[in-house]
Amino acid sequence: MADQADIVPRGVDGRRIEAEVARISAATDFARAPVMRRLLDFLVAETLAGRGDSLKAYAVAVDGLGRPDDFDAQADSYPRVQVGRLRRMLEAFYAREGVADGIRLHIPPGQYRVFFESDVPSPAAAPDSSTAIGEPATGTATPPMAGEGGAPATSPPWVAIVGTLLAIVVAALVGAAIYLTHPADTDMTGDPNRLTLPPELSFAPITGPADRSATERSIDTFLVDGLRRSWLIRLHEEEKGVTQAEASEAVRRELAQEPPNRRPYFRLTGTLTSGAEPELQLQLTNIRSGELVWTGQAAIGDGPDAIRTALSPIVTELIQPYGVIATATRAVEGDRFAPGHRCLLEFDRYRRDRNAALNLRLRECVDHTLALEPGHAMALAAKSFLELDRKVYRLDPSAPDDIAVTSLAYARRAAMADPYNAFIQLTLARASQFAGTCALTVRSSRRALELNPYDPDLMGIAGLLLLNCGQPDAEDLIRRAVKLDPEAPLGTRNMLIYLALDRNDIATAQRMVDALPPPTATVQASNELVRAVVAASAGDMAKAKAAWARLEAVDPQTTQDPDSMYRRWMMPQRLRDHSLAVLARAGLIPPRAPSAAAP
């Protein structure tokens, strides 16, 4: 049995360990994962009792994970998989929350013992007053790993005995308190008192020929980095060498302890072929149902740039709001407007097809989410969007004139709750735009793109915001968004048409407007307006008047004031003035003086 001095560094006592375990267990990921909390409690208690170095897989499975006594540790890798998952959850916790009270818990690969690292600096200093709300401060320090530095200090034998007994008692009390105070994991059944959660995605390291191991590692790094940027999933990395059967069995055993009709649990696997021109073959499986959800292929060239070029479209296809994983999650039975993740998935759908009834229904389920978890960052961001849309899209005649201030307040709260979420940074940029603060709009838009360069929806909106703030690369961003998603929202594609008209490239504008899909009822007005402007620019007055007549039939208010729609699109003033002048020359609206500046 190890001496207590070898287990706990000088200055770290049972009280501090108890407080740190409680802090970890109270974090969102752990609070909703009772299996991980139980495993953490067990490993901490065993380590403090001096048995951490002698722990075996059987004890971890039976005593730490609740497996039956006949568990076969030789044939089943369940404890190894789960300890690997716990290790990654701890690393993610400290990356997100930082170190408190100078202590950090760490489980090295290949071990079951918990190391208690002391005097570790916090990963980020507090932002100063010049930092935009929601922007993380720089200067992150990398903590030392266990085993680095000098030898541990020694203590008299009686200190080790008393310390060990005290640690066992403390660990038992911590485990009992955590078990009694944390709720069970949540489901997708629409229970009004439970939040629905994002699906889990387990990533298996890419396999392939021995001479391609460096390429495999590069692919692993790129895919993990890309996938983790989405709020639509919870990503877990598997240990190398875990087979499909082992991973599936481990997940199924964990899922058996959860309520029925839970969110999907996906697994992404990939194989790199041999040869001069290797191909990456990927498969996405729903482990809960056993269904093969998606397959993808990509030719892999040499070097990081070639890998990035090959894999960026795949990451986009998997994690964008209308991608493979979101679509499969929406297909799960249950209340689409249940609080939490299901409500937010419907919010993503709404952003493509805004209407008053859906805005009201979403505000109700977002409010329900915030009633259950007031600091829910994504719900606060959705609230910012929905509140602003009431006025901007004329969805609610009772919306107050100062609703942009309310929207910005919700966006700021969301950014404070989760500064590393790309969509939340975009929400802050959008709210700042309508509040008239271009500096924060530009800063937050660029931060959003930095956090997630794979979401074409996000890229398109950020491009529109930056365009309105006069940023020279905005048009290129909008073009990239449409290239990544040919079904990009109409507002994104329309902006490219207006930019072509601004350059007097009428032929390109005509080709683009002819390629627009048939409009839905909610976007028909904007569709007819752009068709009228393009036809009038080309001198085809008959086609322009026909489009104007269709616009008047569906939205007479816009024919009286087309600039109101341009303001909703956050269109730059020069483009608005150009289009309004075209409509005036065609006799469709009265002449008007150009505006001096955007509102």
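Here, the structure is the one placed above.
Treat the numbers as computed from the prediction; the structure is a model and nothing was measured.

### Looking at the sheet that holds strand E5 (residues 265-272)
Strand order in this open sheet of five strands is E4-E3-E5-E6-E7, and the pairing throughout is mixed. One side of each edge strand has no neighbouring strand; the edge strands of this open sheet are strand E4 (234-237) and strand E7 (291-299). Neighbour to neighbour, the strand axes of the sheet diverge by 20 degrees on average, direction disregarded. Judged from the four bridges that link them, strand E3 (residues 200-203) and E5 form a sheet pairing that is parallel. Along E5, the bridge assignment pairs Phe203 with Leu268. Along the sheet face, helix H8 (residues 213-227) touches E3, E4, E5 and strand E6 (279-286) and points at about 170 degrees away from the line of E3. Those strands touched by helix H10 (residues 304-319) are E5, E6 and E7, and its axis lies near 160 degrees from that of E7.

### A short note on the nonpolar core
The biggest cluster of nonpolar side chains holds 90 residues, and the ones touching the most others in it are Leu362, Tyr498, Leu529 and Tyr566. When residues no more than four places from it in sequence are discounted, the contact partners of Leu529 are Tyr498, Trp548, Leu551, Thr558, Pro562, Met565, Tyr566 and Leu583. Grouped together as the second largest cluster of nonpolar side chains are 35 residues, Val44, Val62, Phe93 and Ile107 included.

### Observations regarding helix H14 (residues 377-392)
Taking 1.5 Å per residue as the helical rise, H14 with its 16 residues ought to reach 22 Å, and the 23 Å between its terminal C-alpha atoms agrees with that figure. Of all 16 residues in H14, 15 are buried; the element is thus mostly enclosed. Phi turns positive one or two residues past the end of H14, at Arg394, with a value near 55 degrees.

### Quick word on the pattern of salt bridges
All told, the structure shown has 33 salt bridges when counted by the stated rule. One salt bridge in this structure joins Arg267 and Glu238, with 2.5 Å as the shortest N-O distance. Within this pair, whereas Arg267 is found in strand E5, its partner Glu238 is found in the loop between E4 and helix H9 (244-255), the two being separated by 29 residues in sequence. Just as Arg267 is buried, Glu238 falls in that class too. Between Arg567 and Asp563 there is a salt bridge; the shortest N-O distance is 3.2 Å. Of the two residues, Arg567 and Asp563 both sit in helix H25 (residues 562-568), four residues apart, roughly one turn of that helix. Its relative accessible area of 3% is what places Asp563 among the buried residues. In the salt-bridge network here, residues are joined through shared partners; they are Arg363, Asp367, Lys383, Glu387, Arg390 and Asp396.

### Some details on the packing of helix H4 (residues 34-48) against helix H6 (residues 78-97)
Interaxial distance between H4 and H6 falls to 10 Å at its minimum, and their mutual angle equals 90 degrees. The pairing of H4 with H6 is recorded here as roughly perpendicular in orientation. Contact residues: H4 offers Val35, Met36, Leu39, Leu40 and Leu43, while H6 offers Tyr78, Gln82, Val83, Arg85, Leu86 and Met89. Within the contact of H4 with H6, the residues separate by chemical class into nine nonpolar, one polar and one charged.

### Comments concerning the side chain of Asn421
Residue position: Asn421 is located in the loop between helix H15 (403-417) and helix H16 (422-434). Here Ile424 takes part through its backbone nitrogen, which lies 3.1 Å from a polar atom of the side chain of Asn421. Those residues in contact with Asn421, other than ones at most four positions away along the chain, are Trp231, Met378 and Leu451.

### Structural notes on helix H18 (residues 456-468)
When the terminal C-alpha atoms of H18 are compared, their 18 Å separation across 13 residues agrees well with the 18 Å that a helix rising 1.5 Å per residue should span. Of all 13 residues that make up H18, 12 are buried, and the element is covered over most of its length. For H18, the set of buried residues is Pro456, Asp457, Leu458, Met459, Gly460, Ile461, Ala462, Gly463, Leu464, Leu465, Leu466 and Leu467. Residues of H18 that are buried in the fold lie against H10, H16, helix H17 (438-451), helix H19 (474-484), helix H20 (490-502) and helix H26 (573-585). Put simply, Asp455 is the residue that caps the front of H18, since its side-chain oxygen is 2.9 Å from the backbone nitrogen of Asp457. Within two residues after H18, Gly470 carries a phi angle of roughly 75 degrees, on the positive side.

Reading the values: the criteria
Residues numbered from 1 in each chain as written. Predicted model: local features only at pLDDT ≥ 70, side-chain atom pairs only at ≥ 80, totals over all residues. Heavy atoms only, no water. Pairing = 2+ DSSP bridges. Helix = DSSP H or I, 4+ residues; strand = E, 2+ residues; numbered from the N terminus. Axes fitted to C-alpha atoms, helices over the stretch in contact; angles between N-to-C directions. Contact = heavy atoms within 4.5 Å. Core = buried A, V, L, I, M, F, W, Y, C linked by side-chain atoms within 4.5 Å. Buried < 20%, exposed > 50% of the residue type's maximum accessible area, 1.4 Å probe, protein only. Expected span 1.5 Å × (residues − 1). Salt bridge = Lys/Arg side-chain N within 4 Å of Asp/Glu carboxyl O. Parallel < 35°, antiparallel > 145°, perpendicular 65-115°, else oblique. Nonpolar A, V, L, I, M, F, W, Y, C, P; charged D, E, K, R; others polar. Polar contact = N/O pair within 3.5 Å; in protein donor to acceptor, adjacent residues only side chain to side chain.

This is a description of form; function is not addressed.
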